[in-house]
Amino acid sequence: MQSKYKIRLLRANLLAAAVALALWTPATPPAAALVLWLSVGWLFITALMLDFSHRRSRGLPWQIVPGALLLGLIAAAPERHGILIWAWAAMLMLPQNNWVAAFNLSAGLISSVMVAPLLNAPAFILLICSLLVLGLLALSRAQQLIDMNGSIRQRLRLIPGLNLWAGEQLVRDISREQTRCEREGVHAELFILHVKRHQLWPTAQKLCELTYDFENVYRLSSTTLATLILASSPKEASQRRSLLLADLPDNIASEHLELIDIEPAKLSVHEISKLPAERVRETI
């Protein structure tokens, strides 16, 4: 899995960048040396802690750190670190929120102003034009990556090896299971769990372990999980729910609906995850 997501290659690049900045520190002014070592430390720590995870989000505030460090390097010694201004194109190429992209664009323009006294007028105009063109290309590439990541997050199986699926799969499975229950006389229920945001992935993994191989678990939202419980009778389904809740965290709220009462054509994933309070609810 690591080779597929090129984690080792990215880690090697980060470590190489850290070594390159460390070799740049001799004979550097104190202010610039401080920012250089901060950058070296950030690159080194990021490389060591880097790992692929399905939980990563492009909206985390730490994304502003590399842009701030890059701006600090150029501001501390423009005459020495002016060449780093071209790194803004790489910064804009990363998938990021709009406010982070706006910060990087502003910081890139500020960096250009800092470097301007070192250039004559034609060279400065060429620099600005080149940065704008590279910035637009980088933003276009970043948008492609954002769209690609969005489609990946909507893939059906969320974690390889576990029966954890996206909510879109639940809508398709409900219709199929309703047909099977009518044909075979099986009792089925949609069991919904409301968890804290930080409990979602551990609870999902635990629920996958507790359910049978033919019973899928679905992620409806960042705080809602669901599974289809198949049993021979409502009493047996109630016992199954009690056993599942006994092995899950105590602060989980749950509710259940008989599968036969659900109309998949009229019930979306969002509506399932936001079922009204008058639904049957169990809390332990």
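## Thoughts on the overall build of the protein
The secondary structure content of the protein amounts to eleven helices and six strands. Taking contacts inside the protein between residues at least 6 apart in sequence as the whole, the part at least 24 apart equals 73%. When the accessible surface of the protein is split by element, carbon and sulfur atoms take 64% of a total near 15,900 Å².

## Quick word on the pattern of salt bridges
Evaluation of the coordinates by the stated rule reveals six salt bridges. Among the ionic pairs, Glu177 bridges to Arg176, the shortest N-O distance being 3.7 Å. By relative accessible area, Glu177 is classed as buried at 6%. Note on Arg176: relative accessible area 40%, which makes it partly exposed. A salt bridge links Glu215 to Arg240; the nearest nitrogen and oxygen atoms lie 2.9 Å apart. Within this pair, whereas Glu215 is found in the loop between α9 (200-210) and β3 (217-221), its partner Arg240 is found in helix α10 (residues 234-246), the two being separated by 25 residues in sequence. Like Glu215, the residue Arg240 is buried in the burial classification. Among the charged side chains, a salt-bridge network with shared partners connects Asp173, Arg176, Glu177 and Arg180.

## Some points on the nonpolar core
Grouped together as the largest cluster of nonpolar side chains are 20 residues, with contacts concentrated most on Leu70, Ile74, Ile85 and Trp88. Membership of the second largest hydrophobic core comes to 19 residues, among which are Leu164, Leu193, Ala204 and Leu248.

## Structural notes on the environment of His81
Positionally, His81 belongs in helix α4 (residues 78-81). Along the sequence, His81 and Val115 sit 34 residues apart, while their C-alpha atoms lie 9.2 Å from each other. His81 has contacts with Trp24, Ala32, Leu36, Leu73 and Ile74, leaving out every residue within four places of it along the chain. Within the structure, His81 has its side chain in polar contact with the backbone oxygen of Leu73 (distance 2.8 Å).

## A few points about the packing of aromatic side chains
Tallying each qualifying case throughout the model produces one aromatic pair. Look at Tyr212 and Phe214: their rings are 5.4 Å apart centre to centre, the planes differ by 20°, and that puts the pair in the stacked class. Using a relative accessible area of 43% as the deciding quantity, one classes Tyr212 as partly exposed.

## Details of a nonpolar patch on the surface
Residues Ile83, Trp86, Val133, Leu134 and Leu137 make up a contiguous nonpolar surface patch of roughly 500 Å² in combined accessible area. Note that Ile83 resides in the loop between α4 and α5 (87-92). Given the relative accessible area of 61%, Ile83 is considered exposed.

## Observations concerning the pairing of strand β5 (residues 253-258)
Counting buried positions over the six residues of β5 gives five, a clear majority of the element. Relative to β5, strand β2 (residues 187-194) is paired through six bridges, and the arrangement is antiparallel. Looking at the pairing, Leu193 lines up with Ser254 of β5.

## Some details on helix α3 (residues 64-76)
Look at α3: 18 Å from first C-alpha to last across 13 residues, which is about the 18 Å you get at 1.5 Å a residue. For α3, the full list of buried residues reads Pro66, Gly67, Leu69, Leu70, Leu71, Leu73 and Ile74. Looking at the buried side of α3, the elements it contacts are α2 (30-49), α4, α5 and α6 (98-115).

Cut-offs applied
- Residues numbered from 1 in each chain as written.
- Predicted model: local features only at pLDDT ≥ 70, side-chain atom pairs only at ≥ 80, totals over all residues.
- Heavy atoms only, no water.
- Helix = DSSP H or I, 4+ residues; strand = E, 2+ residues; numbered from the N terminus.
- Contact = heavy atoms within 4.5 Å.
- Areas by Shrake-Rupley, 256 points an atom, 1.4 Å probe, with all protein chains shown as cover.
- Salt bridge = Lys/Arg side-chain N within 4 Å of Asp/Glu carboxyl O.
- Buried < 20%, exposed > 50% of the residue type's maximum accessible area, 1.4 Å probe, protein only.
- Core = buried A, V, L, I, M, F, W, Y, C linked by side-chain atoms within 4.5 Å.
- Polar contact = N/O pair within 3.5 Å; in protein donor to acceptor, adjacent residues only side chain to side chain.
- Phe/Tyr/Trp six-rings, centres within 6.5 Å; stacked < 30°, edge-to-face > 60°.
- Patch = residues over 30% accessible without salt bridge, like charges linked within 9 Å, V, L, I, M, F, W, Y side chains within 5 Å.
- Pairing = 2+ DSSP bridges.
- Expected span 1.5 Å × (residues − 1).

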